[in-house]
Amino acid sequence: MELLSYLFIAVLGALIASLLALIPALHVYNVITLAFLFAGGLQAWLQPDQFAMLLLGMVTGYAVLSVIPSIYLAAPDETSAFIVLPGQKWLLERRGYEAAILTGVGSLCGVIVLVLLSPILTEVARALRLVLAPHFGWILAAISLFMLMSEWPKGGDRGPTNWARFRAARSQLSAGLLTFFLSGLLGIILMYRNFLPVDTAFASLLPAFIGLFAIPMVLTNLVMGTRVPPQHISASIDLSPSLLLRGTFAGSLGGLFAAFFPVVTGGIGSFLAGHATAQRDERTFIISQGVSKLVYYAGGFLLFFLPGLHLARGGMASMISTIYTPGTPQMYYVAVAALAVSGAVSFFLLIPYSRFAVRFLARLDYRTVNIGTLIIILIVLLLTTGLPGLAIAIPATAIGLIPSFFGSRRMNCLGVLLVPITLNMAGVGPEIARWLGLG
Amino acid sequence: MKGISHFLAGIAAATFVPGVVESAAQGSYLIVLGGFFGLLPDTLDFKFARYFEQHVNIDPDPANLDPQIMASAVAAEIDRAAETGKPVRVQLHNIPLGPNRWRQYRLRFDSERNEIVVGIGPIVNAAQAPLDETGQRVARVKTKAKIDYTYDGEMVTDFWNGPSFAFVPKAHGVEIQFLPWHRAWSHSFTLAALLGLIAGVLFGSVQAGLVAFLGMSAHIVEDQLGYLGSNLFWPITKERSAGARLLHSGDAIPNFLAVWTALVLILFNLDRFSAPGQNREPLFNPLIYFTTMLILPALILIGVYAWERRKDHVRREVAQQADIVAELIETEV
């Protein structure tokens, strides 16, 4: 009976997330940050175990259903034609619905992978932690290096001289480096100076993330006057077991890597999964993104329930670890069951939600949608972090707009996390902070 | 192969250099140098070499779009190569028409008839979806020289820039080579040795030199497993040698297997070399570890790959050109 109540609460969490996930640019962590501000009130209604299951359901639901805004509302403009991901490319081809469902199939595969791995996850995580713990520093440095090196030049094809062509090709690569450097600098400042009130200090990176990722996307859509063509609702998806397996393998690797390593986010996991799949077939890539996202968010949170380990990976686990620790080993398997049920419910919600999104987009002006999105983002930002948060988000937005102007990778904005943490692990972080006048 | 395969292979190679893993566990980042040199050959080609090759530009005029003119321009360069006896390099450009609009065209070398075939296609957007189907035409132009062309596919150009070729006169005709600037000097063991020497001197450490040499060599060896091969001992050798023809460099399974193998090797070496510093025994029994983590998965994947390729009887030369096209696509996404 107790198990059923946990599962019911997890499904409730998935249903709440399913509504929130439809609001563009509203990250589930924003909502949970708000929830934590009112955690005292919530604890009168829910036991800590139940609260944890509610959050697990929310994270799982968000991981599955946030594909809707990320595909339907992240429409690229022509300036980003060279850097669009297959999901957005399919949207321009009127195949956004198919891309959303394929990503959902990937998420469902991610749930299955986590359930299948659950009996051995404790031992695997224990062994990996023992072997890899002394090596986190250089692994993070290697990820940063790969991100920077694997961005290839676009352009520079025409020019009066070879040097002119070479210089033209540098602009996008230099913009990528500049984005990484500036976001890294922002990350160092935020790590050594807290600008937020004490009660919201745990959300110090939230305004930076909103500024680096969410606001530039909406502003770019508004400025460029992006239009989305009417979408086709297909009756079936074209997918072979071989493609499904490839996407699932690659996505699981990327997602598990991101879930296990501190600081490595789902975006990096998806980036690595994307590179590990054959990009000639976009279906494999799209599936891998769904798997990776689910495994990162839900799997990362599941690590918190591992008996004897309780690894706090990801924003959610970090927040809840301040008020709750799983008391018994059985809670781990309850969490696995809750993840499976809420994942399945979320997947079945994806189909009607995606149809709704297609009809919604056809009726509403895309510009109005983007203005509404911007207003929601600003309200969430002010509610969670107040005016100081807005002050952080403004320079972050300026940095986040560099990729839009120069056609470079937005992923470089993750320097905000990678740079300060890598420097700290190398033991030079405090010295650099002192040199910058922050120490 | 894909960038991530090369990068991880470079790091895996570095973990075999004595002392590198031990120092990494103490905070040294020397091991990352392996990844850097693992990806360096493609970096040199796609970020530098391609911008400094001397070539003839064939840049179609959107205002006067005539497939006959385009085909004639290509044919003229092939004939020039045959007449002068010297290789000619040509860069074809795309046809941008405005925001999110490109005119698509196709180029084919018909080696049976010694003809260049150019077909003007529809106007397309960035998603390659047709926006305007009017204005499509085809033209054929004969070359005086015999064409030796091994790739059977058409080259389609729209929003990516067009392909570059080397027209190389040989005894049996003018050979058409794709991306002549790729996998040449940058993919040679001689350059790997030279850069290893420089890294060793710069860092003042034999380990650094070995990491650089092995990282870059891992890239060359991986590429050599495919069809195209590289110019392995430039400047002693002048041309790309044939690869081992075990895999296609753009295929998913070989790339995934390369990534997996590198990860398995890295984890094993991190365990066995870090264990003494942590005052513990290594966790992984080599026999069990490699059987379950590497040999069994590799056998399954190789079996699946062989099954998928059972009807894949393309000519070696065709597969070589297909591999190089796949490598170009890799750097464009």
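Look a little higher up for the structure.
Residues numbered from 1 in each chain as written. Chains lettered and ligands numbered in written order. Predicted model: local features only at pLDDT ≥ 70, side-chain atom pairs only at ≥ 80, totals over all residues. Heavy atoms only, no water.

**Considering the overall build of chain B**
Counting its regular elements, chain B contains 9 helices and 11 strands. Seen through its C-alpha atoms, chain B measures out along the principal axes to roughly 75 × 40 × 40 Å. Looking at the 333 residues of chain B, the share that counts as buried comes to 57%. Considering only intrachain contacts with a sequence separation of at least 6, the fraction spanning at least 24 residues in chain B is 69%. A total accessible area of about 14200 Å² is found for chain B, and carbon and sulfur atoms account for 63% of it. Counting 28 positive and 33 negative side-chain charges, chain B places the averaged centre of each group 3 Å from the other. (Helix = DSSP H or I, 4+ residues; strand = E, 2+ residues; numbered from the N terminus. Buried < 20%, exposed > 50% of the residue type's maximum accessible area, 1.4 Å probe, protein only. Contact = heavy atoms within 4.5 Å. Areas by Shrake-Rupley, 256 points an atom, 1.4 Å probe, with all protein chains shown as cover. Lys, Arg positive; Asp, Glu negative; His and termini not counted. Charge placed at Lys NZ, Arg CZ, Asp CG, Glu CD.)

**Regarding the interface of chain B and chain A**
Across the boundary between the two partners, chain B contributes 60 residues, which contact 52 residues of chain A. The largest contributions to the chain B side of the interface with chain A come from Tyr29, Lys47 and Tyr51 of chain B, which together make up 15% of the buried area. Residues Arg158 of chain A and Asp59 of chain B are paired through a salt bridge, measuring 2.9 Å at the closest nitrogen-oxygen approach. Taken together, chain B and chain A are joined by 12 residue pairs in polar contact (both at pLDDT 80 or more). (Buried area = accessible area lost by both parts, 1.4 Å probe. Salt bridge = Lys/Arg side-chain N within 4 Å of Asp/Glu carboxyl O. Polar contact = N/O pair within 3.5 Å; in protein donor to acceptor, adjacent residues only side chain to side chain.)

**Side note on a nonpolar patch on the surface**
Residue and element names in this part refer to chain A. Together, Phe8, Leu12, Leu15 and Ile16 line one region of the surface with nonpolar side chains, adding up to about 360 Å² of accessible area. On the secondary structure map, Leu12 appears in helix α1 (residues 2-20). By relative accessible area, which is 37% here, Leu12 ends up partly exposed. (Patch = residues over 30% accessible without salt bridge, like charges linked within 9 Å, V, L, I, M, F, W, Y side chains within 5 Å.)

**Digging into the packing of helix α8 (residues 136-149) of chain A against helix α17 (residues 415-425) of chain A**
Residues and elements named next belong to chain A. Contact geometry for α8 and α17: axes closest at 8 Å, N-to-C directions at 145°. For the crossing formed where α8 meets α17, the hand is left-handed. Taken together, the residues of α17 that come into contact with α8 (itself represented by Phe136, Gly137, Leu140, Ala141, Ile143, Ser144 and Met147) are Leu418, Ile421, Thr422 and Met425. Here the contact of α8 with α17 is composed, by residue class, of 8 nonpolar, 3 polar and no charged. (Axes fitted to C-alpha atoms, helices over the stretch in contact; angles between N-to-C directions. Left-handed = near helix turned anticlockwise from the far one by under 90°. Nonpolar A, V, L, I, M, F, W, Y, C, P; charged D, E, K, R; others polar.)

**Quick word on the nonpolar core**
In this structure, Met53, Tyr72, Leu132, Trp138 and Phe305 of chain A are the most contacted members of the largest nonpolar core, which totals 153 residues. At 14 residues, helix α15 (residues 330-363) of chain A tops the list of elements feeding residues into this core. If we ignore the near neighbours within four places in the chain, the residues touching Trp138 of chain A are Ile11, Ala24, Ser28, Tyr29, Ile31, Val32 and Leu270 of chain B. In terms of nonpolar packing, the next biggest core, distinct from the first, is built from 28 residues, Leu65, Ala75, Ala81 and Val118 of chain B among them. (Core = buried A, V, L, I, M, F, W, Y, C linked by side-chain atoms within 4.5 Å.)

**Brief notes about helix α9 (residues 162-192) of chain A**
A rise of 1.5 Å per residue sets the reference length of α9 of chain A, with its 31 residues, at 45 Å; its end C-alpha atoms lie 45 Å apart and thus fit the reference within 8%. Ser171 of chain A marks where α9 of chain A bends most, by close to 30°. (Expected span 1.5 Å × (residues − 1). Bend = angle between axes of the 7 residues up to and from the residue.)

**What to know about the packing of aromatic side chains**
Applying the stated rule across the entire model yields 32 aromatic pairs over all chains. Plain terms: the ring middles of Phe165 of chain B and Phe178 of chain B are 5.1 Å apart, the flat faces sit at 55° to each other, and that makes the pair tilted. Of this pair, Phe165 of chain B sits in strand β10 (residues 164-170) while Phe178 of chain B is found in strand β11 (residues 173-178), placing the two residues 13 residues apart along the sequence. Across the pair, exposure class does not vary: Phe165 of chain B and Phe178 of chain B are buried alike. Through a chain of ring-to-ring contacts, the aromatic side chains of Trp163 and Phe166 of chain A together with Phe48, Tyr51 and Phe52 of chain B assemble into a single cluster. (Phe/Tyr/Trp six-rings, centres within 6.5 Å; stacked < 30°, edge-to-face > 60°.)

**Remarks on helix α1 (residues 3-14) of chain B**
The periodicity of an α-helix, 3.6 residues per turn, causes residues three or four positions apart to be oriented the same way. Between its first and last C-alpha, α1 of chain B extends 17 Å over 12 residues, near the 16 Å set by a 1.5 Å rise per residue. With 12 of 12 residues buried, α1 of chain B lies mostly within the body of the structure.

**Regarding the packing of α8 of chain A against helix α12 (residues 266-276) of chain A**
Residue and element names in this part refer to chain A. Contact geometry of α8 with α12 gives a least axis separation of 12 Å together with a crossing angle of 60°. In terms of orientation, α8 and α12 fall into the oblique class. The interaxial crossing formed by α8 with α12 has left-handed handedness. Here α8 contributes Ile143, Phe146 and Met147 to the contact with α12, which in turn contributes Ile268, Phe271, Leu272 and His275. Across the contact of α8 with α12, the residue classes break down as 6 nonpolar, 1 polar and no charged. (Parallel < 35°, antiparallel > 145°, perpendicular 65-115°, else oblique.)

**Overview of the pattern of salt bridges**
Residue and element names in this part refer to chain B. Applying the stated rule across the entire model yields 14 salt bridges over all chains. When the shortest N-O distance is used, the salt bridge between Glu83 and Lys144 registers 3.8 Å. Residue Glu83 is found in helix α4 (residues 67-84), and its partner Lys144 is found in the loop between β7 (137-142) and β8 (147-148); the two are separated by 61 residues along the sequence. Neither Glu83 nor Lys144 differs from the other in exposure class; each is exposed. Salt-bridge contacts for Lys142 lead to Glu115; the nearest nitrogen and oxygen are separated by 3.7 Å. Remark: Glu115 occurs in strand β5 (residues 115-124) and Lys142 occurs in strand β7; sequence separation between them is 27 residues. Via salt bridges that share partners, Asp110, Arg113, Glu115, Arg140 and Lys142 belong to a single interconnected network.

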